Amino acid sequence: MTEGAHERIHRKDYRPSDFLVDAIDLCFELDPVATVVRAKMRLRRNPDLPTSSGPLVLHGDGLELRSVQLDGSPLDPGRFEADSQSLRISNVPERFELETEVVIHPAENTKLMGLYTSSDTFCTQCEAEGFRRITYYLDRPDVMACFTTRIEADQAKYPVLLSNGNRVGQGDLPNGRHWVQWEDPFRKPSYLFALVAGDLVCHPGTFTTASGREIGLEIWVEADNVDKCDHALASLQAAMKWDEDTYGLEYDLDTYMIVAVNDFNMGAMENKGLNIFNSKFVLAKPSTATDDDYEGIESVVAHEYFHNWTGNRVTCRDWFQLTLKEGLTVFRDQEFSADMTSRAVQRIKDVTRLRTAQFAEDAGPLAHPIRPESYIEMNNFYTATVYEKGAEVVRLYQTLLGREAFRKGLRHYLERHDGSAVTCDDFRQAIADANGVDLTQLERWYLQAGTPIVRAHGVWDEPAAVYALTLTQSQRVFPGQSEPLPLPIPVPVGLLGADGKDIPGTVRMLELTEAEQTFTFENVSERPVASIGRGFSAPIKLEIERSHEELAFLMAHDSDPFNRWEAGQDLAKRVLLRLVERVLDGHSLELDEGLVRAFQKVLLDPNLDGSIKALTLTLPSEELLAQELDVVDPDAVHRARQFVVRGIATALRDELNRTYEEHARGTDAIDKAQIDRRRIKNRALLYLVALEEQETIDMAAEQFSTATAMTDYEAAFMSLVDLESPETHRAIGDFYQRWRDEPLVLDKWFRMQAMSSAPAAFEGVVTLSQHPDFNLANPNRVRSLLYAFAAGNPVGFHRADGEAYRFVADQILELDAINPQVAARIVSSFNQWKRYEPRRSQRMQFELERIASRSGISKDVSEIVERSLGR
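Parameters at a glance
- Residues numbered from 1 in each chain as written.
- Predicted model: local features only at pLDDT ≥ 70, side-chain atom pairs only at ≥ 80, totals over all residues.
- Heavy atoms only, no water.
- Phe/Tyr/Trp six-rings, centres within 6.5 Å; stacked < 30°, edge-to-face > 60°.
- Helix = DSSP H or I, 4+ residues; strand = E, 2+ residues; numbered from the N terminus.
- Buried < 20%, exposed > 50% of the residue type's maximum accessible area, 1.4 Å probe, protein only.
- Lys NZ or Arg CZ within 6 Å of the ring centre and 35° of its normal.
- 1 Å grid on protein atoms, 1.4 Å probe; cavity = no way out; pocket = protein on both sides within 12 Å on 5 of 7 lines; lining within 4 Å.
- Points joined across faces, edges and corners; volume = space filled by probe spheres on them.
- Nonpolar A, V, L, I, M, F, W, Y, C, P; charged D, E, K, R; others polar.
- Pairing = 2+ DSSP bridges.
- Axes fitted to C-alpha atoms, helices over the stretch in contact; angles between N-to-C directions.
- Contact = heavy atoms within 4.5 Å.
- Salt bridge = Lys/Arg side-chain N within 4 Å of Asp/Glu carboxyl O.

Chemist: Mind showing me how you'd approach the packing of aromatic side chains here?
Modeler: Ring pairs (aromatic) are described by centroid distance and by the angle formed between their planes. Counting across every chain of the model gives 41 aromatic pairs. Both rings, one in Phe 131 and one in Phe 193, keep their centres 5.5 Å apart while their planes meet at 70°; by these two values the pair is edge-to-face. Pair noted here: Phe 131 is in the loop between β11 (121–125) and β12 (144–154) and Phe 193 is in the loop between β16 (188–189) and β17 (195–198), with a separation of 62 residues, a long-range link. Its relative accessible area of 0% is what places Phe 131 among the buried residues. The buried category is assigned to Phe 193, whose relative accessible area is 0%. Taken together, Trp 242, Tyr 247, Tyr 251, Tyr 256, Tyr 305, Phe 306, Phe 331, Phe 336 and Phe 406 form an aromatic cluster joined through their ring pairs. Geometry around Phe 186 places Lys 272 over its ring, the cationic atom sitting 4.6 Å from the centre. If you follow Arg 317 out to its NZ or CZ, it ends over the ring of Tyr 14, 3.7 Å from the centre.

Shown next, in the form of structure tokens:
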């Protein structure tokens, strides 16, 4: 199917809605098979469009229309046209009341958009365009209305009935049914509507705001999960306090609710007052969730809470502005997480995620600016570019202006546009107006795709004691587009002297605003080593010629913790890429002793905490290494990386053993000291097990059998599944038997096997796809197996025979009929097909062509495939 079969929507064609909705009253008669939805809307023509006199056209998707009334009178069939996709009514007055009644089928809704059922619970997902699957409406973010929602349901099956806002009424109905009515006093777009009905229990809490108001906090879960909510509640309370302290933003309703559901396409959804979460980002206790899970829950709970202001009170005019709310809120949750944990660790994790997913996106066929110019299916643009790169662009404002000026600007933006649907330009202008500065050049970050490259070249003039640093920037030129304009790029710099300390007067914030600029540093009386781009100040690739010795020096001495880590990554990457070349040339491999010494220093450094050590001792991933190659041979990359892992383990065996033993004993507490301890211990274990010696395998097996914390249990299992050993097979069986009734833990079982680098991993994935506990209708389970394999197992997915490509393509075609949104995520694993060696490239192209030729393919999958193929 060609792209022309689906309508492409362009930002330049935006037009305000011809009609506005002042209020909508909804009534749901819930039934899994056939739910009746009655909607009463008070509409008027948009006064800002005085020449508008056309018909009212409401969005719909898969609806069965029962009746339509205009101002209380049934409409004659000749007055309207209705199908499953729209309702068109001609000759409407300036102001009127419209009532519709439709039937929908939640139990059949496997797309998980609109109203659907999950484990006998009704729930909704309306962003981006799911509300039109509930009732006919102006389903666009710039139409904001006050919502009142009445829910009727069987009281025994669905005792809990929730929606946005405040509960204003409830009562009993005949035939064992009951009703609850909710009223949201704040105008909102339809994508923020939410409804939940089920047999749930509440984990309650409270929060007292800075102004003294007591807010009721409610986390709703299935009864057997109520013991896993403490951390989510504490995270919510911490986020509310942080937003008050950092930005002076208080919560505005009487109650804040979170509901955890098992079937959810996303991580969570910030519906006003009623957040619906993937259970993965709510449920945790030390025996079932890892340290990373705990930090992920804290981050996602905060993210959705922060949306109350940056996304709900002020929302997007249109979906092209998605980064306005998502990039800004990701930045806010990153800053929160940095304050809650370790700023250095959080920055390293954020940048690693950006480089792995977003840099690859920028380099591929689906590259787009953080504010896209067009789309076919909006769900395809919930991307790393919009979220992660968008957050980095927001960070630019703070880096350039300073924290206090950014806070002042954000407050001004929220006050100016409270209750409105606005644009990225409005955000930039509000920040500029609040601080009396010109931020016009920053718009280029919203307009231009691709990852900028900044090349740095330094020259030290010894007689003059002057160091000159020349920075040049360049960007990818896309076909049919003009040459990109220079971007404003903040570049923090420090010059290190021979003692490893910053030379006085050389720590500066440079602002690169032109294609090339030279900056001079005076009174530099010794040859410096430049630390450039400290803290990863912009989403760029920095290129600078450095020796092994300079990288090792920065790794040991840089005062910026991010750049210390970065130097180690650059050193390891250089070594690994040279080894990849030797593999391809058929030469023998030798381990670089300088890398071993650098890693040894990190391992033995008493001043580094365990989390920083673990991150620094983690080699660049195979995915990141592949980004550095013009032509990718995954087997060569894997062989080179495994050679270095085993080489480091051999050379530092005694130190790794000692590290493991010194950190083996502790508690399961989720605090910094214990998290640091577990991270360095488990990094040491992964290296040791890579030796594939019985002694080290026994260490992992022992930890697996005795661990009481999921962090240690998972780390041991992960080290074993990369092997072919009796201990591996026993661990796989034991894991399943122990955790088969815990869905989130069982997801880990699927995921770690899918990501195994063992030779038989692919065959294992095929077998797991037929396992009784695998279900294509459950997004978490699909992501744990199919996405984890396709996106997280380069050597397995890119088998030379192409069988893995065929298998994944078959799964995508089957999944597309069930849940196109999730299928589109997985098909993106083929996007880089042109960069692989010819045999693999041709086989990936064949599977993309096969998917594209399938009749009835969804627009979600079609858009990704067609763009990947360059059509």
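Chemist: Sorry if this is basic, but what is going on with unusual backbone geometry here?
Modeler: Backbone phi values are negative for most residues with the exception of glycine, while trans is the configuration of most peptide bonds. Along the chain, Glu 127 connects to Ala 128 via a cis peptide bond; the corresponding omega equals 5°. Among the structural elements, Ala 128 can be located in the loop between β11 and β12. In this structure, Asn 175 is a non-glycine residue whose phi angle is positive, near 65°. Within the secondary structure, Asn 175 is located in the loop between β14 (166–173) and β15 (177–183). Look at Asn 523: it is not a glycine, yet its phi comes out positive at around 60°. Along the polypeptide, Asn 523 turns up in the loop between β30 (516–522) and β31 (529–532).

Chemist: Honestly, empty space enclosed by the protein in this entry has me stumped. Any pointers?
Modeler: Rolled over the atoms, a probe with the dimensions of a water molecule shows which regions are left empty. Scanning the entire structure with this criterion turns up three cavities of 30 Å³ or more. As a volume, the largest cavity reaches approximately 90 Å³. Here the residues of the lining of the largest cavity are counted per class, giving five nonpolar, six polar and one charged. Reported here for the second largest cavity is a volume of approximately 70 Å³. Surrounding the second largest cavity, Thr 323, Leu 324, Leu 328, Ile 370, Gly 390, Val 393, Val 394, Cys 424, Phe 427 and Tyr 446 form its lining. Breaking the lining of the second largest cavity down by element, the ones donating at least two residues are α3 (322–340), α5 (384–401) and α7 (424–435).

Chemist: What is the right way to look at the sheet that holds β17 in this model?
Modeler: Hydrogen bonds between backbone groups are what pair the strands of a sheet, and the pairing can be parallel or antiparallel. On the basis of which strands lie adjacent, the open sheet formed by four strands has the order β10-β11-β17-β13 and antiparallel pairing. Looking at the sheet topology across the chains shown, the edges are occupied by β10 (114–118) and β13 (160–163). Going from strand to strand, the sheet's axes swing by 20° on average, the running direction of each strand aside. As judged from the four bridges shared by β13 and β17, these two strands associate in the antiparallel manner. Paired with Leu 162 across the strands is Val 196, a residue of β17.

Chemist: Help me understand the environment of Ile 276 in this model?
Modeler: Examined against the element boundaries, Ile 276 turns out to sit in strand β22 (residues 274–278). Since its relative accessible area comes to 0%, Ile 276 is described here as buried. Along the backbone, Ile 276 and Val 259 are 17 residues apart, and their C-alpha atoms lie at a distance of 4.9 Å. Apart from the residues within four sequence positions on either side, Ile 276 is in contact with Cys 123, Thr 124, Ala 194, Leu 195, Val 196, Val 259, Val 261, Phe 264, Ala 268, Met 269 and Asn 271.

Chemist: Got a minute to help me understand the pattern of salt bridges in this structure?
Modeler: Taken as a whole and judged by the stated rule, the model has 78 salt bridges. Notably, a salt bridge pairs Arg 653 with Glu 695, separated by 3.1 Å at the nearest N-O pair. Remark: Glu 695 occurs in helix α17 (residues 694–706) and Arg 653 occurs in helix α15 (residues 653–662); sequence separation between them is 42 residues. For Glu 727, the salt bridge identified is with Arg 730, shortest N-O distance 3.8 Å. Taken together, the residues Glu 727 and Arg 730, both in helix α19 (residues 726–739) and three residues apart, mark about one turn of the helix. In this structure, a network of salt bridges that share partners links the residues Glu 335, Asp 339, Arg 343, Arg 347, Glu 392, Arg 395 and Arg 403.

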